[in-house]
Amino acid sequence: MIQFEEKIYFYLLAIIPVMVVLFILLQIWKKRTQKKFAKLPLLKRLTPDRSEFKSSLKLILFLLGLAFLTLALVNPKIGTKLETVKREGVDIVFAVDVSKSMLAEDIAPNRLEKAKRLVSEIINQLGSDRIGIIAYAGQAFPQLPITTDYGAAKMFLQSMNTDMLTSQGTAIDQAIQLATTYYDDEEQTNRVLVIISDGEDHSEDATLNVVEDATDAGIKIFTVGVGKAKGAPIPIKRKGVLERLKKDAQGEVVITKLNETVLREIAEDGNGAYIDGSKTEEAVNYIKEQLAQMDKTEFEAKQFAEYKDQFQWFLGAGFLFLFLDLFVLDRKTQWLRKLNLFNEKRSETL
């Protein structure tokens with residue numbers, strides 16, 4: 001397991017492409033200027049020891065040195081030991097709606113991005129709880145199993161989009177069914193399911209039946225509504241540019257609306273609560289308070305320990321490349337010239 005202590009220094013790597021562009025522009029300017037002075041064959045005779053390859057090699061060595069020194073500043077650390085530790089917490093599964101209706105922009109920047117931000121902010125407030133993530137539209141898909149790795153959870157969360165599932169719809173019942181398989185029967189922890197959706201459920205009757213089964217399994221269900229009751233069209237974009245609005249079979253623009261009624265019914269039958277997701281801070285604080293009131297159960301978790309600094313290897317490599325850069329000259333290497341590998345003809349006179 002690798003950790004980066006000072007990630008902010010990664011921004012220094014942006015210097016590398018800038019220097020490459022400046023180097024290319026400098027070479028173009030040099031060649032144009034030299035052409036004004038003399039023709040290429042004459043220039044080669046006037047400067048027989050000049051090597052174009054060496055100037056490129058010097059730049060490469062310098063950039064490698066800079067890159068390794070930057071990594072040294074970041075200070076990568078490697079976990080050298082995997083330990084089993086005791087932790088106390090709650091098992092939380094997030095079911096995130098990724099249907100096309102979540103692209104509606106009645107809540108900025110759109111419903112899906114708002115849902116992802118809500119989950120991310122909730123994760124930031126957790127201590128030692130275990131979390132899992134489910135994506136669902138017309139069907140449910142396991143995105144991340146129960147884990148204590150919050151970093152991995154955020155990575156999988158950010159990769160979620162409305163194209164990850166081909167079947168469209170909002171099958172909340174399948175998401176709840178899948179969530180019941182996430183919890184470990186051997187670890188009798190408090191179980192929480194947080195559903196983030198606009199509530200456009202196309203199987204409401206089946207959903208309420210599944211909710212009853214989930215509560216029998218000891219799962220408490222919270223629902224978070226994202227969107228507005230007045231609704232909004234669904235934009236279809238390509239590379240961030242609006243192409244059209246989604247239309248139905250009759251050619252009418254589809255207006256998707258937040259269905260609070262369904263979400264409230266699910267939360268009520270699931271012994272939880274409905275939460276308005278339009279105000280991120282209030283929603284996150286409410287869930288945080290609810291989790292704090294629950295009894296924490298002790299469970300085992302594996303985590304890396306004894307992280308060791310690795311900056312010294314990158315520091316050494318960086319100085320080595322910079323040292324080589326200092327001793328590489330722009331002139332051709334004499335012993336290579338003497339080899340005359342390409343049988344070049346030498347002229348004694350200009």
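Everything below is about the structure printed above this text.
Caption draft 1: View of the pattern of salt bridges. As enumerated under the stated definition, the model contains nine salt bridges in all. One salt bridge in this structure joins lysine 116 and glutamate 113, with 3.3 Å as the shortest N-O distance. With lysine 116 and glutamate 113 both in helix α4 (residues 111-125) and three residues apart, the pair spans about one turn of that helix. Take lysine 116: its relative accessible area is 3%, and that puts it in the buried class. With relative accessibility at 33%, the residue glutamate 113 sits in the partly exposed group. Between glutamate 243 and arginine 238 there is a salt bridge, with the nearest N and O atoms lying 2.8 Å from each other. Classification of glutamate 243 as partly exposed rests on a relative accessible area of 46%. Each of Asp106, Arg111 and Asp198 takes part in one network of salt bridges that share partners.

Caption draft 2: Main features of the sheet that holds strand β3 (residues 91-97). Strand order in the open sheet formed by six strands is β5-β4-β3-β6-β7-β12, with mixed pairing between adjacent strands. With one partner strand each, in any of the chains shown, β5 (140-147) and β12 (274-276) form the two edges of the open sheet. Across the sheet, the mean angle from the axis of one strand to that of its neighbour is 20°, orientation sign disregarded. Where strand β7 (residues 219-225) meets β12, three bridges bridge the pair, whose relative direction is parallel. Its bridge partner being in β12, threonine 223 is matched across the sheet by tyrosine 274. Across the sheet, helix α8 (residues 260-269) lies against β6 (191-197), β7 and β12, angled at about 160° from β7, the strand it touches most.

Basis of the calculations
Within every chain, residues take consecutive numbers counted from 1 along the sequence as written. Under the rules for a predicted model, residues below a pLDDT of 70 receive no local features and side-chain atom pairs below 80 are neither given nor counted, while totals for whole chains, interfaces and linings still include all residues. Only hydrogens and water are set aside; all other atoms, that is, all heavy atoms of the structure, feed into the side-chain values. Salt bridges are counted wherever a side-chain nitrogen of Lys or Arg sits within 4 Å of a carboxyl oxygen of Asp or Glu. Numbering of helices and strands runs from the N terminus; a helix is a DSSP stretch of H or I covering at least four residues, while a strand is a stretch of E covering at least two. The buried label applies to any residue whose accessible area, calculated with a 1.4 Å probe on protein chains only, is under 20% of its type's maximum; exposed applies above 50%, and partly exposed to all values in between. Strand pairing follows a simple DSSP-based rule, namely that at least 2 bridges must link the two strands. For helices, the fitted line uses only the C-alpha atoms of the stretch in contact; every axis is such a line through C-alpha atoms, and the angle between N-to-C directions lies from 0 to 180 degrees. Residue contacts are counted whenever heavy atoms from the two residues lie within 4.5 Å of one another.

Scope: geometric values only; no functional claims are made or implied.
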